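# Descriptive structure summary
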Amino acid sequence: METKTKLNLEDGNPLDNIGHYQRLVGKLIYLTVTRPNITYAVSVVSQFMHAPRTSHLDAINRILRYLKGTPGQGIWMKNNNTYDIIGFSDADWVGSCDRKSTSGFCTFVGGNLVTWKSKKQTVTARYSAKAEYRAMASTASELIWIKQVLKDLGIKIKKSNKNVL
């Protein structure tokens, strides 16, 4: 999506077939699972699902042209014959103008990226260690959830003595 593009509810003519627009946005939302690089653009066009206009459809068409031109990009999953669960976390202590830290994590199952998150923390951390601790706690919570999902699916996780830094 172009950085100068600002979509609003006034530009363009109202669409005759709102359902078509909504289905396209829904399919794009589904596609963001393996193509996180389009997440921002899809989140912008999804804000106009109640009253789409031609300018919004033009933005969707631009996303579709981008996808057509970049077929080899995205997250690929492959069978590595392992179910090792690994998580990485990081925090940016007081990196924004409102003095809030940003923390993020990504988790892998069998070497495949399965979840990720980046979010501004709701409280101001006084120390960088506190911001890092919050990021690690969030990551640990996600890893426990993934382990429980795999257990519910009947997948046994072997206990490992690996320490990954």
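Residues numbered from 1 in each chain as written. Predicted model: local features only at pLDDT ≥ 70, side-chain atom pairs only at ≥ 80, totals over all residues. Heavy atoms only, no water.

### A short note on the packing of helix α1 (residues 18-31) against helix α3 (residues 54-69)
- Contact pair α1 / α3: the axes reach a minimum separation of 11 Å and the direction vectors enclose 40 degrees. Here α1 is positioned oblique relative to α3, judged by the angle of their axes. α1 and α3 meet at a crossing whose hand is left-handed. In this structure, α1 uses Tyr21, Leu24, Val25, Leu28 and Leu31 to contact α3, whose residues at the interface are His56, Leu57, Ile60, Ile63, Leu64 and Leu67.
- Here the contact of α1 with α3 is composed, by residue class, of 10 nonpolar, one polar and no charged. (Axes fitted to C-alpha atoms, helices over the stretch in contact; angles between N-to-C directions. Helix = DSSP H or I, 4+ residues; strand = E, 2+ residues; numbered from the N terminus. Parallel < 35°, antiparallel > 145°, perpendicular 65-115°, else oblique. Left-handed = near helix turned anticlockwise from the far one by under 90°. Contact = heavy atoms within 4.5 Å. Nonpolar A, V, L, I, M, F, W, Y, C, P; charged D, E, K, R; others polar.)

### A short note on the packing of aromatic side chains
- This structure, assessed with the given rule, holds one aromatic pair.
- Note on Phe88 and Phe108: the rings are 5.9 Å apart at their centroids and 85 degrees apart in plane angle, and the pair reads as edge-to-face. Within this pair, whereas Phe88 is found in strand β1 (residues 85-92), its partner Phe108 is found in strand β2 (residues 102-109), the two being separated by 20 residues in sequence.
- Residue class for Phe108 comes out partly exposed when judged on its relative accessible area of 22%. (Phe/Tyr/Trp six-rings, centres within 6.5 Å; stacked < 30°, edge-to-face > 60°. Buried < 20%, exposed > 50% of the residue type's maximum accessible area, 1.4 Å probe, protein only.)

### Re the sheet that holds β2
- Reading across the sheet, the three strands line up as β1-β2-β3 and stay open at both edges, with antiparallel pairing between neighbours. Pairing within the sheet leaves two strands with one partner each, and these edge strands are β1 and β3 (112-120). Along the sheet, successive strands turn relative to each other by an average axial angle of 10 degrees, direction set aside.
- Across eight bridges, β2 lies against β3 in antiparallel orientation. Bridge pairing in β3 places Val109 opposite Asn112.
- Here helix α4 (residues 128-152) sits on the sheet and contacts β1, β2 and β3; the angle it forms with β1, its principal contact strand, is near 155 degrees. (Pairing = 2+ DSSP bridges.)

### Describing the nonpolar core
- One finds Leu7, Tyr21, Leu28, Val45, Ile60 and Ile63 to be the most contacted residues of the largest nonpolar core, which totals 17 residues.
- Broken down by secondary-structure element, the contributors of at least two residues to this core are α1, α2 (39-45) and α3.
- The element best represented in this core is α3, accounting for five residues.
- What Tyr21 contacts, discounting residues up to four positions off in sequence, is Leu15, Val45, Phe48, Met49, Pro52, His56, Leu57 and Ile60. (Core = buried A, V, L, I, M, F, W, Y, C linked by side-chain atoms within 4.5 Å.)

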